[in-house]
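Listed below are the residues making up each chain.
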Amino acid sequence: MSIKEKIFKSMRILSILSGMIFIISSCQQYNKIAVSDLSVDSFEFQKTTSANIEVSAQVDNPTKATLMLVEGNALLKKEGRDFIILSIPDDYSVSPQTKTKISVNVKADVLNPIEIIASGLNFASWDLSRFTVCGKLVVKSDKGFKKVIRLRDEPLENVLEVISQIF
């Protein structure tokens, strides 16, 4: 057997193994992961320019893998100007084959405290159509799945819809 034939045979075996791994991993039903009922449960100022926000969501994980939110960073803009930096300092996980409500702590750092005063301290009265989000969420599984969700100037009121359509 020539070297060319050996290389061809090795490549064919590698291709078959890659195909089998792809087929096995595609049976995990990652496209059936659902995120719904996103809500802000609490908002607590830490200092005049920072706050902790607790956000909860219903997550349906029909896969056989543990899902983990391992990174989350975003920039909230008000009428196109940088307003608040949001980050998720901790990792969160959802067990396999469960439907559960998770609470995520989000750290918020205000870039322009004057804008907070101008917008009003009653966050329920804010006009969400004036805000957009640029950011990234990274979801991984213990089975090798990785999904990066990017938001580019997405209206704040549409964020849940965008996240739920990605999975």
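Our structure is the block above this text.
Residues numbered from 1 in each chain as written. Predicted model: local features only at pLDDT ≥ 70, side-chain atom pairs only at ≥ 80, totals over all residues. Heavy atoms only, no water.

### So, the packing of aromatic side chains
- Summed over the entire model, instances satisfying the criterion amount to two aromatic pairs.
- Here the aromatic rings of Phe43 and Phe45 are separated by 5.4 Å at their centres, their planes lie at 80°, and the arrangement is edge-to-face. (Phe/Tyr/Trp six-rings, centres within 6.5 Å; stacked < 30°, edge-to-face > 60°.)

### What about unusual backbone geometry?
- For Gln97, which is not a glycine, the phi torsion comes out positive at approximately 50°.
- As for its placement among the helices and strands, Gln97 is situated in the loop between β5 (92-94) and β6 (98-110).
- The phi torsion at Asp153 lies on the positive side, around 50°, for a residue other than glycine.
- Residue placement: Asp153 occurs in strand β8 (residues 146-155). (Helix = DSSP H or I, 4+ residues; strand = E, 2+ residues; numbered from the N terminus.)

### Looking at the side chain of Ser50
- Structurally, Ser50 is set in strand β2 (residues 50-61).
- Classification of Ser50 as buried rests on a relative accessible area of 9%. (Buried < 20%, exposed > 50% of the residue type's maximum accessible area, 1.4 Å probe, protein only.)

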